[in-house]
Amino acid sequence: MIRKNPLKPKEKDFREFTMKTESHSFRLAFIERESGASGLQQIDNALNDKFDALILPAEAVPYPLPEETEIAALIKTSFFGDSFSGLSVGVNDQVVLLIKRGRDDVKAAFYEHDIRRNYGKVWLVGAGPGNPELMTIKADKVLSEADIIFYDDLVDKDYIRKYSAELVYVGKRKGKHSKRQEEINRMLYSAALQGKNIARLKGGDPLIFARAGEELEYLQKRFVSVEIVPGITAAQACAASYNIPFTKRGVSGSVSLASAHYSLSRENPGKLCDTQIYYMAASKLAELSDKLISQGLNPETPVAVIHKGSFYDEKCVGTTLNKMPGVALPSPVTVIIGGVVNDKYEADKILFTGIDPAEVRLNAKIVHYPLIAIQPNDYAPLNMQEFDGLVFTDKHSVKIFCERYETSGQTIISFRKSAEKELLKAGLTPHLKPEDLSCDKLTNIMAEYGLRRVLFLQPAVFGNEDYSLKGVYPLSLYRIVAKKQPGIDLSPFSGIVFTNELAVDEFRKIYGNFPERTLLMCADEKSEEKLLSLNADPDYLKKVALI
């Protein structure tokens, strides 16, 4: 506990104070910091002169802080009584205790009086290039715990609606700013003063062309805690989509990232890196080509011009530096220049309309476009003690079951690899993993293992067999429902996978017909029958197995 009237000037000119707690006595010095290098030297000298902490007006704290120093507390001057009478402490009546790193004793002494304890925290979060599948686990966790999310233009708006936080759009595009940067800074600070957990969600990576530096400085100058969650930047997503390495032994040992506008504004760029990457380049291709050639780059240098890398409608044009001006792609565009572009490869794209793309293995790039979704069923609670066997036929039944029930020594039978993996994730090991699950097979298993009552957990539609056997109680934990999607350009896709007849119906509603000369791959007989009934070309109708 800090004693009353703790500050007592010992030497007025030196502005030295002594503060006593129950177990410690601290030497403090008040400094009205001078600006520039002399002010920083003054702070360094004072802390090295055996002072335990310096007291500075909050508005005079340098940014960035001197090396090996940190803020112990932000405190209202009223805490010190009239000790600061006649001293200039700024308009907000707040002072900062600045200490050498490692002085946890000072932090502990002033902890309860630190104003920042009531502040919220700001996370500057990278959303990745826009494809939700490329968001990190850490980003998802922060967004799940946030009270408010300030999000940018390139963020998937439908995806972030799944979070419970208040959503505030602060996007900026060329020529269109919903909020000025200064206003965004103030909004973040205001939310922090209200004690909220704040996620500032940015496209790509916060530290690459996303103004994280400006927001970080603004908030740190005001003593708000900030943490950065990195994301996949657009250049990485574009290169990954087309198998272009940034570096490669014997080809490229250096990489540069630049905005096209910034690069063109520089008079002397210095040595060019082996691999050069330019952001926001859609309207700058001709200028970039002219400038790089004038700087000595070979006109035949390979170039990849990529639009919306990692999205279903991504496009890549392979060309050379001298022919780059002839490429016409809409914004956003990322340009990769260098010998590594020779490794560019474009895989076939398959559109997957089911729930989980991991259910199939295909020699292609799978693009998820779900036309169906899981909706748990409502039913009376079950007494697990009544069953001595459990049959799981798919991963979704496992997940919903584990959310509602606990096993109690039952024999667990897993059919399909996906169900087994989900059981293992839940800490349950299947006793039996039959490759097929016909009625005869299930009857034999029950007889061999002495199972009298088996709960058969299955999707709403499972195969063509009726599992209403003696002692078997089929239960659908969920049903498949249609999921509305906007129509998209189907021309990039060489095939479409259907795992359920409802997805076939939904596809037909959106597009009217099935695209010609495109493989239509079915995971079950009912999907195949539905496609044939809708006049799909049988020559392009193929079967695909679920894992």
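Only a predicted model underlies this, so the values are computations on that prediction, with no experimental measurement involved. Sequence order as written defines the numbering, with residues in each chain counted from 1. Note on the predicted model: pLDDT of at least 70 is required for a residue's local features to be given, and 80 or more for side-chain atom pairs to be given and counted; whole-chain, interface and lining totals, by contrast, use all residues. Computation of side-chain values: all heavy atoms of the structure, hydrogens and water removed.

Undergrad: I would appreciate a short explanation of the nonpolar core in the present structure.
TA: The biggest cluster of nonpolar side chains holds 34 residues, and the ones touching the most others in it are Leu54, Phe150 and Ile198. Of all the elements in the fold, those that place two or more residues in this core are helix H1 (36-48), strand E3 (53-57), strand E4 (69-76), strand E5 (94-100), strand E6 (121-126), strand E7 (148-151), helix H5 (181-193) and helix H6 (212-221). Apart from the residues lying within four places of it in its own chain, the contact partners of Phe150 are Val168, Val170, Met187, Leu188, Ala191, Ile198, Ala199, Arg200 and Leu201. We call a set of buried Ala, Val, Leu, Ile, Met, Phe, Trp, Tyr and Cys residues a nonpolar core when their side-chain atoms join them within 4.5 Å. Only protein chains enter the accessibility calculation, which uses a 1.4 Å probe. A residue is then buried if its area is under 20% of the maximum for its type, exposed if over 50%, and partly exposed in between. By size, the runner-up hydrophobic cluster in this structure holds 20 residues, among which are Ile372, Leu490, Phe507 and Leu531. Helix and strand definitions here come from DSSP, where helices need a minimum of 4 consecutive H or I residues and strands a minimum of 2 consecutive E residues; each element is numbered from the N-terminal end. Whether two residues touch is decided by their heavy atoms; if any such pair falls within 4.5 Å, the residues are in contact.

Undergrad: For this particular structure, what's the right way to read the pairing of E4?
TA: Along a regular strand, successive side chains alternate from one face of the sheet to the other. With seven of eight residues buried, E4 is to be regarded as a mostly interior element. For E4 and E5, the ladder comprises seven bridges, and the chain directions are antiparallel. Looking at E5, one finds that Ala73 is bridged to Leu97. We call two strands paired when DSSP finds no fewer than two bridges between them.

Undergrad: Honestly, the packing of H5 against H6 in this entry has me stumped. Any pointers?
TA: The angle between the axes and the distance between the axes are what describe a pair of packed helices. Helix axes are fitted only over the stretch in contact, all axes being lines through C-alpha atoms; the angle between N-to-C directions runs from 0 to 180 degrees. At their nearest, the axes of H5 and H6 sit 10 Å apart, and the two run at 45 degrees to each other. Taken together, the axes of H5 and H6 are oblique relative to one another. For the pair H5 and H6, the crossing hand works out as right-handed. Contacts between H5 and H6 pair Gln181, Ile184, Asn185, Arg186, Leu188 and Tyr189 from the former with Glu214, Glu215, Tyr218 and Leu219 from the latter. The residue makeup of the contact of H5 with H6, split by class, is five nonpolar, two polar and three charged. What sets the label is the angle itself: under 35 degrees gives roughly parallel, over 145 gives roughly antiparallel, 65 to 115 gives roughly perpendicular, and the rest give oblique. Crossing handedness is read from the near helix: turned anticlockwise from the far helix by less than a right angle, it gives a left-handed crossing, and turned clockwise, a right-handed one. The classification used treats Ala, Val, Leu, Ile, Met, Phe, Trp, Tyr, Cys and Pro as nonpolar, Asp, Glu, Lys and Arg as charged, and all other residues, Gly among them, as polar.

Undergrad: What exactly am I supposed to notice about empty space enclosed by the protein here?
TA: Rolling a probe over the atoms, with the probe sized like a water molecule, indicates the empty space that remains. Both site types are read off a 1 Å grid over the protein atoms alone. A 1.4 Å probe that fits but cannot get out defines a cavity, while an open set with protein on both sides within 12 Å along at least five of seven lines defines a pocket; lining residues have an atom within 4 Å of a point. Grid points are joined across faces, edges and corners, and a volume is the space filled by probe spheres set on the points. Evaluation of the coordinates by the stated rule reveals one cavity of 30 Å³ or more. Looking at the largest cavity, the residues that line it are Ala127, Gly130, Pro132, Met135, Val155, Asp156 and Tyr159. Residues belonging to the lining of the largest cavity are distributed by class as follows: five nonpolar, one polar and one charged.

Undergrad: Before we go on, may I ask you to explain unusual backbone geometry in this structure?
TA: A negative phi holds for most residues other than glycine; trans holds for most peptide bonds. The residue after Tyr63, namely Pro64, is reached through a cis peptide bond having omega -5 degrees. Within the fold, Pro64 resides in the loop between E3 and E4. Cis peptide bonds are those with omega within 30 degrees of zero, and the linkage from Ser331 to Pro332 qualifies with 5 degrees.

Undergrad: Looking at this structure, how should I read helix H12 (residues 439-449)?
TA: Owing to its 3.6 residues per turn, the α-helix aligns residues three or four sequence positions apart on the same side. Where H12 is concerned, the buried positions are Cys439, Leu442, Ile445 and Met446. Along the long axis of H12, the arc covered by the buried residues comes to 125 degrees, so they all point the same way. Set apart from the buried face of H12 by more than 90 degrees, the exposed residues are Asp440, Asn444, Ala447 and Glu448. Taken together, the buried residues of H12 touch strand E21 (389-392), strand E22 (411-414), strand E23 (454-458) and strand E24 (472-476). The reported arc concerns the directions from the helix axis to the C-beta atoms and nothing else.

Undergrad: Just to check I follow, could you spell out the sheet that holds E7 for this structure?
TA: Judged by pairing direction, the sheet is parallel, and its five strands sit side by side in the order E8-E7-E11-E6-E12 without closing on themselves. Bordering the open sheet on either side are strand E8 (166-169) and strand E12 (225-229), each of which pairs with just one other strand. This sheet shows a mean twist of 20 degrees between the axes of neighbouring strands, independent of strand direction. Relative to strand E11 (residues 197-202), E6 runs parallel, the two being bridged by six bridges.

Undergrad: So what exactly am I meant to see when it comes to the packing of aromatic side chains here?
TA: Aromatic ring pairs are described here by two measures, namely the spacing of the ring centres and the angle between the planes. Here is the rule: rings of Phe, Tyr and Trp (six-membered ring for Trp) pair when centre to centre is within 6.5 Å. Planes less than 30 degrees apart are stacked, more than 60 are edge-to-face, and the remainder are tilted. Applying the stated criterion across every chain yields a total of 11 aromatic pairs. Seen in terms of ring centroids, Phe507 and Tyr511 are 4.6 Å apart; in terms of plane orientation they differ by 35 degrees. Their pairing is tilted. With a gap of four residues between them, Phe507 and Tyr511 both fall in helix H13 (residues 501-511), about one helical turn apart. For Phe507, a relative accessible area of 0% corresponds to the buried category. The class of Tyr511 is partly exposed, set by a relative accessible area of 21%. Through successive ring pairs, a cluster of aromatic residues spans Phe498, Phe507, Tyr511 and Phe514. Consider the ring centre and the ring normal. A charge sits over the ring if Lys NZ or Arg CZ is within 6 Å of that centre and within 35 degrees of that normal. The side chain of Arg27 reaches across the aromatic face of Phe51, ending 4.7 Å from its centre.

Undergrad: Help me understand the sheet that holds strand E15 (residues 302-307), please; the structure alone is not making it clear to me.
TA: Two modes of strand pairing occur in sheets, parallel and antiparallel, and in both the strands are linked by backbone hydrogen bonds. Strands sit in the order E13-E14-E17-E15-E16 across an open sheet of five strands; the sheet is mixed. Of all strands in the sheet, those bounded by a partner on one side alone are strand E13 (255-259) and strand E16 (315-320). Between one strand and the next, the sheet's axes are offset by a mean angle of 15 degrees, whatever the strand orientation. Note: E15 against strand E17 (residues 333-337), five bridges, orientation antiparallel. Bridging from a neighbouring strand, Ala304 pairs with Ile336 of E17. Strand contacts of helix H7 (residues 234-241): E13, strand E14 (275-279), E15 and E17, with the helix running at about 70 degrees to E17, the strand carrying the most contacts. Lying on the sheet, helix H9 (residues 285-294) is in contact with E14, E15 and E17; it crosses E14 at an angle near 150 degrees.

Undergrad: Can you walk me through the side chain of Thr499 in this structure?
TA: Along the chain, the position of Thr499 falls in the loop between strand E26 (493-498) and H13. Its relative accessible area of 13% is what places Thr499 among the buried residues.

Undergrad: How should I be thinking about a nonpolar patch on the surface in this particular structure?
TA: Taken together, the side chains of Phe209, Val255, Leu257 and Met280 present a nonpolar region at the surface, about 360 Å² in accessible area. For Met280, the location among the structural elements is in the loop between E14 and H9. For Met280, a relative accessible area of 52% translates into the label exposed. For patch building, the residue pool is restricted to those with more than 30% relative accessible area and no salt bridge; the joining distance is 9 Å between like charges and 5 Å between nonpolar side chains (Val, Leu, Ile, Met, Phe, Trp, Tyr). Using the Shrake-Rupley algorithm and a 1.4 Å probe, accessible areas are obtained, with residue cover drawn only from the displayed protein chains. In what follows, salt bridge is the name for a side-chain nitrogen of Lys or Arg lying within 4 Å of a carboxyl oxygen of Asp or Glu.

Undergrad: I would appreciate a short explanation of the environment of Arg404 in the present structure.
TA: Along the chain, the position of Arg404 falls in helix H10 (residues 395-404). A residue is classified by how much of its surface remains accessible, and Arg404, at 37% relative accessible area, is partly exposed. Along the primary structure Arg404 and Met135 are separated by 269 residues, whereas in three dimensions their C-alpha atoms are 28 Å apart.

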